[in-house]
There are 2 protein chains.
Amino acid sequence: MQELKERIRREGKVLPGNIVKVDGFLNHRVDCQFMGRIADEFAKQFDVSNIDIVLTAEASGIALAAICALKYGVPMIFAKKAKSDNIEGGLYQSEIYSYTYKKKVTQLLSKEWLPAGSRVLILDDFMANGEAVRGLCDLVQQAGAELVGVGIAVEKGFQGGGDRLRAMNVNYHALAVIDRADETGIYFREDA
Amino acid sequence: MQELKERIRREGKVLPGNIVKVDGFLNHRVDCQFMGRIADEFAKQFDVSNIDIVLTAEASGIALAAICALKYGVPMIFAKKAKSDNIEGGLYQSEIYSYTYKKKVTQLLSKEWLPAGSRVLILDDFMANGEAVRGLCDLVQQAGAELVGVGIAVEKGFQGGGDRLRAMNVNYHALAVIDRADETGIYFREDA
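Small disclaimer: the values here were computed from a predicted structure and weren't measured.

Glancing now at the interface of chain A and chain B. Between chain A and chain B, the contact holds 32 residues from the first and 32 residues from the second. Counting the surface lost from both chain A and chain B, the interface buries some 2,800 Å², and carbon and sulfur atoms represent 61% of this. Three residues stand out in chain A for area buried against chain B, namely H28, L70 and W113 of chain A, and they jointly supply 24% of the buried area on that side. Close ionic contact of K13 of chain B with E112 of chain A constitutes a salt bridge, the shortest N to O distance being 2.9 Å. Between chain A and chain B we count 14 residue pairs in polar contact (both at pLDDT 80 or more) in total. Elements with a minimum of two residues in the side of chain A that touches chain B: β3 (29–30), α2 (32–45), α3 (62–72), β5 (76–82) and β7 (103–110) of chain A.

This is the structure we're talking about:
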């Protein structure tokens with residue numbers, strides 16, 4: 001998505017450790033009009049008239065996922081983060097490793113709100129190692145729901161999460177894939 | 001807001017400790033179409049053509065705030081939760097007490113994304129003791145921004161947060177005020 005790549009190039013900050021910060025429009029201050037255009041772009045990649053729910057992960061994916069769900073006319077559900085020893089009833093749980101917080105995190109989802117057979121589109125703002133999405137796919141599977149696809153706004157292509165999904169033949173689309181980010185700039189996969 | 005009160009009555013679950021759970025449409029599985037109608041309702045209470053940004057708190061307020069911001073044509077920013085000893089640079093910080101997690105929580109907001117003079121509408125899905133909103137108001141003040149108003153979808157009127165804002169002459173509106181919730185049912189302030 002050209003507009004997304006341009007904004008990442010213009011506004012993204014590269015921090016040590018290959019971190020690309022785009023918190024001025026994507027995951028802290030959120031440009032909601034722009035999220036609406038991203039939602040339209042996902043609607044070209046996925047058959048959004050054939051989904052029952054949008055699933056994302058707490059917290060930064062919620063804004064984008066909510067706006068997408070509004071546009072597609074379906075509800076949105078987000079997996080909640082919990083400490084890994086927090087066991088409650090009535091919940092699907094997946095264990096993931098958070099590279100941001102450098103610890104194990106449990107994703108929780110009420111069984112009640114994801115009935116078996118639901119057609120689920122997973123959406124998130126960012127993917128690096130893909131742990132959050134791996135956990136979400138696991139929740140979909142536990143629920144006996146159907147994974148229609150996975151859409152990511154910004155993929156850090158050099159950290160493996162996206163390539164793993166591609167290899168698994170998941171219906172996966174990222175709107176911008178960053179292949180390299182250093183002091184010389186931010187480079188997208190299509191530039192290679 | 002009649003539709004909101006009806007859904008709380010129909011779908012809300014009262015748990016021990018005066019907890020009212022509406023996670024089937026508001027803060028876990030989110031009915032985004034309904035959030036759009038809540039956004040329209042807030043637009044009757046506040047002059048949304050005269051705001052620069054919508055501010056909310058991580059995590060459950062984000063979906064509603066994003067949809068409101070989309071409708072009002074402004075960006076949305078959410079204060080991030082951090083452990084209370086997590087001090088970083090370039091951030092406004094407020095200390096609040098989380099009754100949910102029974103511990104002190106720090107709200108963080110990048111100085112960069114809330115310029116002095118910004119006209120801010122604070123929106124959140126739920127208010128009980130009002131600690132989250134108190135922290136958000138504090139961030140607005142630290143930034144030298146202007147608080148246009150505070151809008152809450154569901155207020156638990158018996159826990160004091162809303163009444164404190166009313167006493168402070170904040171431009172405050174809640175779309176449903178629960179005055180009592182027990183095994184006999186959920187009662188709204190207008191019913192009293």
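Structural remark: α-helix, 3.6 residues per turn; residues separated by three or four positions point the same way. Relative to the 16 Å expected for 12 residues at 1.5 Å per residue, helix α4 (residues 131–142) of chain A spans 17 Å between its end C-alpha atoms, a close match to the ideal helical length. If you check which residues of α4 of chain A are buried, you get E131, V133, G135, L136, C137, L139 and V140 of chain A.

If a strand is regular, its side chains alternate between the two faces of the sheet. Residue and element names in this part refer to chain A. Counting buried residues along strand β8 (residues 119–127), eight of its nine residues qualify, which places the element largely inside the surrounding structure. Direction of pairing for strand β4 (residues 53–57) relative to β8: parallel, over a ladder of three bridges. Residue pairing in the sheet places I53 in a bridge with V120 of β8. In the sheet, β8 pairs with strand β9 (residues 146–156) via eight bridges, with the strands oriented parallel. Residue V120 lies in a different strand from β9, and its bridge partner there is L147. In terms of handedness, the path from β8 via α4 over to β9 forms a crossover that is right-handed.

Turning to the packing of helix α1 (residues 2–11) of chain A against α2 of chain A, a few remarks are in order. Residues and elements named next belong to chain A. It is the contact of α1 with α2, at a shortest axis distance of 10 Å, that shows an interaxial angle of 140 degrees. As far as their axial angle goes, α2 and α1 are oblique. Of the residues in α2, those touching α1 at E3, L4 and R7 are F34, R37 and I38. Partitioning the contact of α1 with α2 into residue classes produces three nonpolar, no polar and three charged.

To continue, consider the packing of aromatic side chains. Taken as a whole and judged by the stated rule, the model has six aromatic pairs over all chains. Plain terms: the ring middles of Y97 of chain B and Y99 of chain B are 5.0 Å apart, the flat faces sit at 85 degrees to each other, and that makes the pair edge-to-face. Residue classification places Y97 of chain B among the partly exposed residues on the basis of a relative accessible area of 36%. Here R180 of chain A stacks its cationic end above the ring of Y187 of chain A, 4.4 Å away from the centre of that ring.

Let us look at the relation of the copies chain A and chain B. Between chain A and chain B, the superposition needs a rotation of 180 degrees and an axial shift of 0.0 Å, giving an RMSD of 0.0 Å. The superposition operator between the copies reduces to a two-fold rotation axis. By residue overlap, the copies meet face to face through one surface: 100% of the interface positions of chain A are interface positions in chain B.

With 95% of its residues at a pLDDT of 70 or more, chain A shows a mean pLDDT of 94. Interface confidence in the predicted complex, given as ipTM, is 0.95; pTM for the same model is 0.96.

If a probe as big as a water molecule is rolled over the atoms, it shows which places are left empty. Residues and elements named next belong to chain A. Volume-wise, the second largest pocket comes out at about 220 Å³. In this structure, the second largest pocket is lined by 13 residues; those nearest its centre are V133, R134, C137, L165 and M168. Among the secondary structure elements, those contributing two or more residues to the lining of the second largest pocket are α4 and α5 (161–167). Take the lining of the second largest pocket: its biggest share by element is five residues, from α4. Considered class by class, the residues forming the lining of the second largest pocket number six nonpolar, four polar and three charged.

Cut-off values and rules
- Residues numbered from 1 in each chain as written.
- Chains lettered and ligands numbered in written order.
- Predicted model: local features only at pLDDT ≥ 70, side-chain atom pairs only at ≥ 80, totals over all residues.
- Heavy atoms only, no water.
- Contact = heavy atoms within 4.5 Å.
- Buried area = accessible area lost by both parts, 1.4 Å probe.
- Salt bridge = Lys/Arg side-chain N within 4 Å of Asp/Glu carboxyl O.
- Polar contact = N/O pair within 3.5 Å; in protein donor to acceptor, adjacent residues only side chain to side chain.
- Helix = DSSP H or I, 4+ residues; strand = E, 2+ residues; numbered from the N terminus.
- Expected span 1.5 Å × (residues − 1).
- Buried < 20%, exposed > 50% of the residue type's maximum accessible area, 1.4 Å probe, protein only.
- Pairing = 2+ DSSP bridges.
- Right-handed = clockwise from strand over helix to strand, strands pointing away.
- Axes fitted to C-alpha atoms, helices over the stretch in contact; angles between N-to-C directions.
- Parallel < 35°, antiparallel > 145°, perpendicular 65-115°, else oblique.
- Nonpolar A, V, L, I, M, F, W, Y, C, P; charged D, E, K, R; others polar.
- Phe/Tyr/Trp six-rings, centres within 6.5 Å; stacked < 30°, edge-to-face > 60°.
- Lys NZ or Arg CZ within 6 Å of the ring centre and 35° of its normal.
- Least-squares fit on C-alpha atoms with pLDDT ≥ 70 in both.
- pLDDT = per-residue confidence, 0-100.
- 1 Å grid on protein atoms, 1.4 Å probe; cavity = no way out; pocket = protein on both sides within 12 Å on 5 of 7 lines; lining within 4 Å.
- Points joined across faces, edges and corners; volume = space filled by probe spheres on them.

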